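# Fold and geometry: a report
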Amino acid sequence: MGLEYAAVVFTILFTIATSLPLGRYMARVFKGERSFLDPFLGPIERLVLRLSAVDPAESQDWKQYGRSLLVSNVFMWLATFAVVTLQKWLPLNPDAIANMEPTLAFNAISSFTTNTNLQHYSGETELSYLSQMIAITFLQFVTAATGVAACIAVIRGLGGNRLKQLGNFYVDLTRATVRVFLPLALLVGTLLISQGSPMTFEGAVKANTLEGQAQTIARGVVAPEVAIKQLGTNGGGYFGPNSTHPYENPTPISNFVETWSITIVPTAMVWTLGYMVGRRRLAVMVFVTMLAIYLPMVAFGVTQEAGGNPAIAAMGVDQSTGSMEGKEVRFGAALSALWGVTTTVTSNGSVNSMHDSWTPLGGLMPLVGMWLNNIFGGVGVGFINMLIFIIVAVFVAGMMIGRTPEFLGKKVEAREMKLASLALLWHPLSILVGTAIAAHVWSTTADPGTSLAWLKNPGPHGFSEMLYEFTSATANNGSGFEGLGDNTPFWNIGTGLAMLLGRYIPILAPLALVAALAAKPAAPETAGSLRAESATFGFTLWAVIVILGLLMFLPVAVLGPIAEHLALS
Amino acid sequence: MLTEVRRGVLFTLVTMILLGLGYHVVLWGIGRVLFPAQAEGSLLRRSDGSVIGSRLVAQSFTRPEYFHPRPSAVDYNAASTGGSNYGPSNPDHLKAVKGRLAAVTALEGVAPEQVPSEMVTASGGGLDPQIPKAAADLQAGRVARARGVPIGRVQDLIRSHTEAPAFGFLGRAGVNVLELNLALDASLGTASAGSR
């Protein structure tokens, strides 16, 4: 295990070190400054904007920006919904995949449009190559870019004083796509192909095995999708079992590259904030506060999975390599746990091991990551979620020291707190009410095991499966306790709605909030002002996140994972 | 609103072509030129060109003269992959593990304490191409007996086929089962020539 722990530490340190230059590059991109990739990417950016009839000089207020965001997403939804429901008649379908059923397509396309990537289908059997390319991979780029654009607008609002200067949504969207995600994805995609992730337009290969059996091996346009699914906190894999599949994640090196890709943009985004607002110490405070939650979660998750399954140890089987059900030899228990925690704090949702088979308390960490949803978080939206907690922490701190709460010199008043509360409370409301409805339907249906056939696992773990699904949908994460039989109208439509509302409410409410802040005159900072850069405020923020963010979920944590842990040990 | 709709439609179409097609074609070209074998799926072929399998994808082995891979929840079906998704306390899961343990201890003639956990648990994708070295060592005696060769020669092959962690510390050491079995056939005579 010693080497495995060293690999965990190295991966985290490498990510932190590389996030700084990328954060600085992104700040240059969104401030419209020159960068070394201009000769290659500048022409592509200008071409996209010209063909889309966008006037790059137009600046939008928050309502116009938000409307452009919603309208563009509506058309992305419609176009890709058409592709997957008509794929049988479209080209590039060598394995003769049928059209996708409408409620499943509603779920799948809502899932990818909201950057969630929850999958109630299995790619190798239900999507043609064309659908994987122009529906799935396309959405994985543009929805990640949508999140980044929203975050950049919020950052501009924080740094600015005028209403009309949130920027232009399409310019930000294009820059995020062409100047951030495209070059990163080409780099990561090339590395993945070198490790053995396929990129071929040929269909499944029919093999005659060494023992003379027939084996059909699905392959396809895998590497390009895996690259952007990791980088854009998308998470939706080419194959059903995601990055546990050797074609999605062939080697320890590809695993390292993919783990790095999960967090690199969300971590860099924090530094981008620092550079754009001109307050680097604020960025340090936010980054350290995030680390102070992320690192203990990694440590706890890794030790739980490395500890193995006590029920299997009781049979006499050595558990010194950890709990290996649903895990791959080439990654081992520790790097699987690192991935699992990282993918859920960031709303990525790709997996390199099956979370349903994790130890009970180990499996609690992905849930915690999604309940908080702001520790680095989804590209762009993670920082937006963090901002909501910052506003609440400012408010709490203001109450404690008996002064009007202020953030960056702007007064935080009733309207801001209402918008922050809306964004903050929507999250637990959707998760807990959704889970409650599912549990109610399950428990009031006669013989649910046969008539509904949702749950693969009995007892508290079955409850955890339903809880995980609504958590993952609302948090726009996309990972699952995949034992859940979720391709049914109830789950397709229920989680489809949870994903849509869980995406757009926490983007639009904060946009309105920063617009309200931007409209206020800046009060000069005095000795009595709250210093958001200070360690004291960092600790307050940490406590607000842990207490407010998690306390609401304590009862369901006890009913699911904790009850299972107590029964198992 | 009309401008809004027009921009939405045009941007969707333009980026669909750029990212859905252009991006893929560039990576396809890079794969064709730099990594042709990996890009087509790391396939292993016989001398007549027929495909044995992929070095990255586990295939079923049940005969005693071959090393066996980890259990697969999807029976090594590489067209519809997946894990068991059994929770750690699920009675069905523990029953499956017990069954595999009984089969392995009987086949190899060892105590449960000697069986690596990887040989009684299913991997996430059901296609784990590797087993830990300890799991290969466990099977060496049985393979050597089935082939009528000294165990030392089989152990040598295991040693030369153990892949170290990348850069010495990334990931775990493992043995690729299909490649090891191909090496067995190549250096110790094909399976059909062994004593069966």
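Residue numbers run consecutively from 1 along every chain, following the written order of its sequence. By the order in which they are written, chains take letters starting at A while ligands take numbers starting at 1. Local features are withheld for residues below a pLDDT of 70 in this predicted model, meaning they are given only at 70 or higher, and side-chain atom pairs are given and counted only at 80 or more; totals for whole chains, interfaces and linings count all residues.

Before going further, it helps to spend a moment on the overall build of chain B. In DSSP terms, a helix is any run of H or I states spanning at least four residues, a strand is any run of E spanning at least two, and both are numbered starting from the N terminus. On a plain count of helices and strands, chain B comes out with 6 helices and 5 strands. Walking chain B from its N terminus toward its C terminus, one meets helices and strands in the order α-α-β-β-α-β-α-α-β-β-α. A compact globule built from 196 residues would reach a C-alpha radius of gyration of about 16 Å, whereas chain B, at 22 Å, exceeds it by more than 25%. Dimensions of chain B, computed from the C-alpha atoms along their principal axes, are close to 80 × 45 × 35 Å. Counting only residues that meet the buried cut, chain B has 46% of its 196 residues in that class. Here the globule rule is a power law, 2.2 Å times the number of residues to the power 0.38, and the radius of gyration is based on C-alpha atoms. In this scheme the burial state of a residue depends on its C-beta neighbours within 10 Å: 20 or more other such atoms mean buried, 12 or fewer mean exposed, and anything in between means partly exposed; the C-beta positions come from the backbone.

Right, let's talk about the overall build of chain A for a bit. Each helix and strand in chain A was counted, giving 20 helices and 4 strands. What you see for chain A is a C-alpha radius of gyration of 23 Å, in line with the 25 Å of a compact globule of 569 residues. Counting all 569 residues of chain A, 62% fall into the buried class. Contacts in chain A between residues at least 24 apart in sequence constitute 79% of all its contacts with a sequence separation of at least 6. Here, residues touch in the contact sense if the C-beta positions derived from the backbone fall within 7 Å of one another.

Attention now goes to the sheet that holds strand E4 (residues 162-163) of chain B. Residues and elements named next belong to chain B. As summarised here, the arrangement of the 3 strands in space is E3-E5-E4, forming an open sheet in which the pairing is antiparallel. Bordering the open sheet on either side are strand E3 (130-131) and E4, each of which pairs with just one other strand. Axes here refer to lines fitted to C-alpha atoms; in helices the fit is confined to the stretch in contact. Angles between the N-to-C directions go from 0 to 180 degrees. The sheet strands contacting helix H6 (residues 177-188) are E3 and strand E5 (174-176), and the helix crosses E5 at an angle near 60°. The pairing criterion for strands is at least two bridges between them, as found by DSSP.

Bringing the domain arrangement of chain B into the picture now. Interface size is commonly expressed as the accessible area that is lost once the parts come together. The split of the chain into domains comes from an automatic or database domain assignment. Assigned domains of chain B: these are domain 1 (2-36) and domain 2 (54-193). In this structure, domain 1 of chain B and domain 2 of chain B have C-alpha centres spaced 42 Å apart.

Judged by which residues are buried, strand E1 (residues 205-208) of chain A turns out to be one-sided: Val205 and Ala207 of chain A face inward and are buried, whereas Lys206 and Asn208 of chain A, on the alternate face, are not. The antiparallel pairing of E1 of chain A with strand E2 (residues 214-217) of chain A creates a hairpin that spans 5 residues between the two strands, and glycine 212 of chain A there sits at a positive phi of about 85°.

On to the interface of chain A and chain B, then. Listed by partner, the interface residues are 103 residues for chain A and 86 residues for chain B. Residue composition of the side of chain A that touches chain B, by class: 54 nonpolar, 35 polar and 14 charged. Amino acid classes used here: Ala, Val, Leu, Ile, Met, Phe, Trp, Tyr, Cys and Pro are nonpolar; Asp, Glu, Lys and Arg are charged; the rest, including Gly, are polar.

Before going further, it helps to spend a moment on the nonpolar core. In this usage, the nonpolar core is the set of buried Ala, Val, Leu, Ile, Met, Phe, Trp, Tyr and Cys residues whose C-beta atoms join them within 7 Å. If you look at the biggest cluster of nonpolar residues, it comprises 209 residues, and the most contacted ones within it are Ala150, Cys151, Val154, Phe181, Ile391 and Leu511 of chain A. Looking at which element gives the most residues to this core, the answer is helix H6 (residues 129-159) of chain A, with 21 residues. The residues that make up this core include at least three from each of domain 1 (2-36) and domain 2 (54-193) of chain B. Non-local contacts of valine 154 of chain A, meaning those with residues more than four positions away in its chain, are made with Ile384, Leu387, Pro510, Leu511 and Val514 of chain A.

Moving on: the pairing of E2 of chain A. Residues and elements named next belong to chain A. What you see with E2 is a clean split: Gln215 and Ile217 sit on the buried side and Ala214 and Thr216 on the side with no burial. The sheet contact formed by E1 and E2 spans 4 bridges and is antiparallel. For valine 205, the partnering residue across the bridge sits in E2 and is isoleucine 217.

Attention shifts here to the environment of glutamate 325 of chain A. Residue placement: glutamate 325 of chain A occurs in the loop between helix H11 (310-313) and helix H12 (332-345). The exposure class of glutamate 325 of chain A is buried, given the 31 C-beta atoms found within 10 Å. The sequence separation of glutamate 325 of chain A and serine 353 of chain A amounts to 28 residues, and the corresponding C-alpha distance is 8.5 Å. Not counting the four nearest positions on each side in its chain, glutamate 325 of chain A is found in contact with Ser357 of chain A together with Ser84, Tyr86, Thr121 and Ala122 of chain B.

Turning next to helix H14 (residues 381-401) of chain A. All names here are of chain A. To estimate the expected span of a helix, subtract one from its residue number and multiply by 1.5 Å. In this model, H14 (21 residues) spans 30 Å end to end at C-alpha, consistent with the 30 Å of a helix rising 1.5 Å per residue. Counting buried positions along H14 gives 16 out of 21 residues, so the element sits mostly inside the fold. Immediately downstream of H14, the backbone of glycine 402 shows phi near 70°, a positive value.

Let us look at the confidence of the model for chain B. Interpretation of this model should avoid reading the predicted coordinates in detail wherever pLDDT is low. pLDDT expresses how confident the predictor is about each individual residue, on a scale running from 0 to 100. Averaged over every residue, the pLDDT of chain B is 93; residues scoring 70 or more account for 96%. Model confidence for the complex: the whole-complex pTM is 0.95, and ipTM, which rates the interface, is 0.95.

What follows concerns helix H10 (residues 280-306) of chain A. End to end, H10 of chain A covers 37 Å across 27 residues, agreeing with the expected 39 Å (1.5 Å per residue, within 8%). Positive phi shows up at glycine 308 of chain A, right after H10 of chain A, with a value of about 85°.

This part takes up unusual backbone geometry. All names here are of chain B. In this structure, aspartate 75 is a non-glycine residue whose phi angle is positive, near 55°. By the secondary structure assignment, aspartate 75 is in the loop between strand E2 (51-54) and helix H3 (91-108). Despite not being glycine, tyrosine 76 shows a phi value in the positive range, around 60°. By secondary structure assignment, the location of tyrosine 76 is in the loop between E2 and H3.

On to the packing of helix H1 (residues 2-30) of chain A against helix H9 (residues 252-277) of chain A, then. All names here are of chain A. Where H1 contacts H9, the two axes come as close as 6 Å, and the packing angle between them is 50°. In terms of their interaxial angle, H1 and H9 are classed as oblique. H9 is crossed by H1, and the crossing has right-handed handedness. Its residues assigned to classes, the contact of H1 with H9 shows 16 nonpolar, 9 polar and 1 charged. Throughout this description, any angle smaller than 35 degrees is read as roughly parallel, any larger than 145 degrees as roughly antiparallel, any in the 65 to 115 degree range as roughly perpendicular, and the remainder as oblique. Left-handed describes a crossing in which the near helix is turned anticlockwise from the far one by less than a right angle; the clockwise case is right-handed.

Turning to the environment of alanine 438 of chain A, a few remarks are in order. All names here are of chain A. Inspection of the secondary structure puts alanine 438 in helix H15 (residues 414-444). Considering only alpha carbons, one finds alanine 438 and lysine 31, 407 residues apart in sequence, at a separation of 46 Å. Look past the residues within four positions of alanine 438 in its chain and what remains in contact with it is Met466 and Phe470.

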